[in-house]
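Chains, contacts and geometry: an overview
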Amino acid sequence: MTETRGYHHGDLRRALLAAALDAIEEDGQAALSLRDLARRAGVSHAAPAHHFGDKAGLRTALATQGFDLLAQELTAAGDDLLAAGVAYVDFAVRHRAHFELMFRPELYRADDPELVAARGRARAALRAGVASLPTNGTPADTDRDALAAWSIAHGFATLWLAGALPPRVGDNPRDAAREVLSRLGSVFKGSWCRMM
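The paragraphs below set out a description of the structure included in this document. (Residues numbered from 1 in each chain as written. Predicted model: local features only at pLDDT ≥ 70, side-chain atom pairs only at ≥ 80, totals over all residues. Heavy atoms only, no water.)

Turning our attention to the packing of helix α1 (residues 11-27) against helix α4 (residues 55-76). Closest axis-to-axis distance for the α1/α4 pair is 11 Å, and the angle between their directions is 90 degrees. Between α1 and α4, the angle is such that the two are roughly perpendicular. Across from R13, L17, A20, L21 and I24 in α1, the residues of α4 making contact are L58, A61, L62 and Q65. Counted by class, the contact of α1 with α4 contains seven nonpolar, one polar and one charged residues. (Axes fitted to C-alpha atoms, helices over the stretch in contact; angles between N-to-C directions. Helix = DSSP H or I, 4+ residues; strand = E, 2+ residues; numbered from the N terminus. Parallel < 35°, antiparallel > 145°, perpendicular 65-115°, else oblique. Contact = heavy atoms within 4.5 Å. Nonpolar A, V, L, I, M, F, W, Y, C, P; charged D, E, K, R; others polar.)

Our next topic: the nonpolar core. Grouped together as the largest cluster of nonpolar side chains are 54 residues, with contacts concentrated most on L58 and L62. Discounting residues that sit within four places of it in the chain, L58 has contacts with L17, A20, L32, L34, L37 and F52. (Core = buried A, V, L, I, M, F, W, Y, C linked by side-chain atoms within 4.5 Å. Buried < 20%, exposed > 50% of the residue type's maximum accessible area, 1.4 Å probe, protein only.)

Our focus in this paragraph is the packing of aromatic side chains. Under the defined criterion, the tally for this structure stands at five aromatic pairs. Ring geometry for F99 and F103: centres 5.4 Å apart, planes at 65 degrees, overall edge-to-face. Ring centres of F103 and W150 lie 5.9 Å apart, and the angle between their planes is 45 degrees; this geometry places the pair in the tilted category. Of this pair, F103 sits in the loop between α6 (96-102) and α7 (113-131) while W150 sits in helix α8 (residues 142-162), and the two are 47 residues apart along the sequence. The partly exposed category is assigned to F103, whose relative accessible area is 26%. An aromatic cluster is built from F67, Y88, F99, F103 and W150, whose rings are joined through pairwise contacts. (Phe/Tyr/Trp six-rings, centres within 6.5 Å; stacked < 30°, edge-to-face > 60°.)

Another point: α8. Taking 1.5 Å of rise per residue, 21 residues should cover 30 Å, and α8 covers 30 Å from first to last C-alpha, within 8% of that figure. What α8 keeps buried is the set T142, D145, A146, A148, A149, I152, A153, H154, F156, A157, W160 and L161. G163, located one to two residues past α8, shows a positive phi value of around 70 degrees. (Expected span 1.5 Å × (residues − 1).)

Unoccupied space between atoms shows up once a probe the size of one water molecule is rolled over them. This structure, assessed with the given rule, holds one cavity of 30 Å³ or more. The calculated volume of the largest cavity comes to roughly 40 Å³. Forming the walls of the largest cavity are ten residues, and the residues nearest its centre are A84, G85, Y88, L126 and A153. Elements with a minimum of two residues in the lining of the largest cavity: α5 (81-94) and α8. The element best represented in the lining of the largest cavity is α5, accounting for four residues. Tallied by class, residues from the lining of the largest cavity come to nine nonpolar, one polar and no charged. (1 Å grid on protein atoms, 1.4 Å probe; cavity = no way out; pocket = protein on both sides within 12 Å on 5 of 7 lines; lining within 4 Å. Points joined across faces, edges and corners; volume = space filled by probe spheres on them.)

Let us look at the layout of surface pockets. Its boundaries defined by the atoms lining it, the largest pocket holds a volume of some 320 Å³. Taken together, 17 residues line the largest pocket, and the ones lying closest to its centre are F103, R119, R123, L126 and W150. Of all the secondary structure elements, the ones that give two or more residues to the lining of the largest pocket are α4, α7 and α8. Here the lining of the largest pocket gets five residues from one element, more than from any other, and that element is α7.

Attention shifts here to the side chain of E73. Looking at the element boundaries, E73 is found in helix α4. Other than its neighbours up to four places away in sequence, E73 contacts A87, D90, F91, R94 and H95.

Here you go:
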């Protein structure tokens, strides 16, 4: 097979990333290999190494892509923290391979500048929603509140993906997340993440 079959400049990297996501969804992180990736993409066995160097480079590119997608979805939610929490859960369900890789820094190069920037954009999008919360007369602690909000949404998403939630939550992750996160808001007087 030839690397140029069916591709023009710029498309091969995208095709390799898409094939890697398919491979992870089908077989898990542990089974990911550059040789299998080349076969899936219909390119020479050297093509993935040319674009990513090694498996850690490939995973770094996937994690970077994931953080960028997450940042876009959180930004689209605006400054509505409940909408951001639902968007986070929705992202995890729709982009499971990304989600499961993004929070396993031992699998990629966590200090890669592009990845660090993408992760920063995702954090900034989450912090934007948290910063809009009413302070109820107390000094804002955006860092702590952002950690609490992220922990709640991430925990719910992880439980959903693991199939560990009770059947009564239903089969729609967005609706279930909205119900759970809004319930926390009523318990904590309107701010579902102002718990500390």
